[in-house]
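Given next are the chains, with one letter for each unit.
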Amino acid sequence: AFRLSQLEDSRARAVVSTLAAQVNWLERRQGLAKKEGWGLGIAYARYKSKGAYCAVVAEVEVTHQVNVRHLWVVADMGEIIHADGAKSQLEGGAIQSCSWALKEQAHWDSSHITSTHWDGYPILRFSEVPEVHVHLMPSNSQNDNSLNPPLGAGEATPGPTTAAIANAVFHAVGVRVRQLPLTPDNLSKAALA
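Residues numbered from 1 in each chain as written. Predicted model: local features only at pLDDT ≥ 70, side-chain atom pairs only at ≥ 80, totals over all residues. Heavy atoms only, no water.

### Topic: the sheet that holds strand E1 (residues 38-46)
Turning to step 1, where the next piece is worked out: Spatially, E1-E2-E3-E4 is the arrangement adopted by the 4 strands of the open sheet, whose pairing is mixed. The open sheet is flanked by E1 and strand E4 (131-136), the only strands paired with a single partner. Geometrically, the sheet is characterised by an average inter-axis angle of 15 degrees between neighbouring strands, direction not taken into account.
Turning to step 2, where the next piece is worked out: Bridge count between strand E3 (residues 66-76) and E4: 6 bridges; the pairing is parallel. Counterpart to valine 74 in the pairing with E4 is histidine 135. (Pairing = 2+ DSSP bridges. Helix = DSSP H or I, 4+ residues; strand = E, 2+ residues; numbered from the N terminus. Axes fitted to C-alpha atoms, helices over the stretch in contact; angles between N-to-C directions.)

Written out as structure tokens, the structure is:
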């Protein structure tokens, strides 16, 4: 409700409202609040203020680490040229963002990067990939029957996915983590701050 109250763009509002309806936002959030360590978070962004409209909901379980269990993505990218390709692009971006948010971090010493091989640079494993649900908004303009111009699907999901995960962690454990990745160490530092 707060996010919707801050949006004036009707297409942005439609994306957020559609996502909230698809995940049954209020009931799901209240249900997860009863489960220790579980949370639901939402985020919205318009890519570079002129690209696709994208909203993401993340469901997390926080134990000794953050585990993203589900991601829901709703995007309005105007005219859709290839729906399967667009869905794949959005899903891939959401999964990559999950890896950035939870694990990826370069390490360095006083003169150079020290994480120069895959063993020193953790990424999300297949077993850790959440279930991702993608919904594309119809490309017809709400004002008439013409098509909205294509806005593209590339890189629309990373920003709102990371924000939704961080918001879900806050809902789950009541701690705002402001340093990525959301590792156990960064969770502990945030809890002590």
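### Some words on the nonpolar core
Turning to step 1, where the next piece is worked out: Val60, Leu71 and Ile165 are the most contacted members of the largest nonpolar core, which has 34 residues in total.
Turning to step 2, where the next piece is worked out: Residue assignment for this core shows that the elements contributing at least two residues are strand E2 (53-62), E3, helix H4 (83-102), E4, helix H5 (158-173) and helix H6 (184-192).
Turning to step 3, where the next piece is worked out: With 6 residues, H4 is the largest single contributor of residues to this core.
Turning to step 4, where the next piece is worked out: Of all hydrophobic cores here, the second largest spans 18 residues; its members include Ala14, Val23, Val57 and Met137. (Core = buried A, V, L, I, M, F, W, Y, C linked by side-chain atoms within 4.5 Å. Buried < 20%, exposed > 50% of the residue type's maximum accessible area, 1.4 Å probe, protein only.)

### Some thoughts on the pairing of E1
Turning to step 1, where the next piece is worked out: Two strands pair when backbone bridges link them, and E1 and E2 are joined in this way by 9 bridges, in the antiparallel orientation. Residue pairing for E2: tyrosine 44 is matched across the bridge by alanine 55.
Turning to step 2, where the next piece is worked out: Between E1 and E2, which follow one another and run antiparallel, lie 6 residues, and lysine 48 among them has a positive phi close to 50 degrees.

### Let's talk about the packing of aromatic side chains
Each aromatic ring pair is characterised by the separation of its centres together with the angle its planes make.
Turning to step 1, where the next piece is worked out: All chains considered together, the criterion is met by 0 aromatic pairs.
Turning to step 2, where the next piece is worked out: Taking NZ or CZ as reference, arginine 176 lies 4.1 Å from the ring centre of phenylalanine 170, over its face. (Phe/Tyr/Trp six-rings, centres within 6.5 Å; stacked < 30°, edge-to-face > 60°. Lys NZ or Arg CZ within 6 Å of the ring centre and 35° of its normal.)

### Brief notes about the pattern of salt bridges
Turning to step 1, where the next piece is worked out: One pass over the full model with this rule turns up 4 salt bridges.
Turning to step 2, where the next piece is worked out: For glutamate 59, the salt bridge is made with arginine 28, and the minimal N-O distance between the two is 3.4 Å. A residue pair is termed long-range when its members are at least 10 positions apart, and glutamate 59 in strand E2 and arginine 28 in helix H3 (residues 25-33) qualify at 31 residues.
Turning to step 3, where the next piece is worked out: Given a relative accessible area of 6%, glutamate 59 falls into the buried group.
Turning to step 4, where the next piece is worked out: The partly exposed category is assigned to arginine 28, whose relative accessible area is 30%.
Turning to step 5, where the next piece is worked out: Ionic pairing is found between glutamate 61 and arginine 69, a salt bridge with its closest N-O pair at 2.7 Å. (Salt bridge = Lys/Arg side-chain N within 4 Å of Asp/Glu carboxyl O.)

### Examining the side chain of aspartate 76
Turning to step 1, where the next piece is worked out: Residue placement: aspartate 76 occurs in strand E3.
Turning to step 2, where the next piece is worked out: Engagement of the side chain of aspartate 76 in a polar contact is seen with the side chain of arginine 11, the distance being 2.8 Å.
Turning to step 3, where the next piece is worked out: Non-local contacts of aspartate 76, meaning those with residues more than four positions away in its chain, are made with Arg11, Val15, Ala52, Tyr53, Met137 and Leu151. (Polar contact = N/O pair within 3.5 Å; in protein donor to acceptor, adjacent residues only side chain to side chain. Contact = heavy atoms within 4.5 Å.)

### Topic: the pairing of E2
Turning to step 1, where the next piece is worked out: Buried residues dominate E2, accounting for 10 of its 10 residues.
Turning to step 2, where the next piece is worked out: Where burial is concerned, the two faces of E2 agree: the one with Tyr53, Ala55, Val57, Glu59 and Glu61 and the one with Cys54, Val56, Ala58, Val60 and Val62 are both buried.
Turning to step 3, where the next piece is worked out: In this structure, E2 lies alongside E3, joined through 10 bridges in antiparallel fashion. Within E3, the residue paired with glutamate 59 across the bridge is histidine 70.
Turning to step 4, where the next piece is worked out: Between E2 and E3, which pair antiparallel one after the other, the connecting turn spans 3 residues.

These results come straight from atomic positions and should not be treated as a statement about function.
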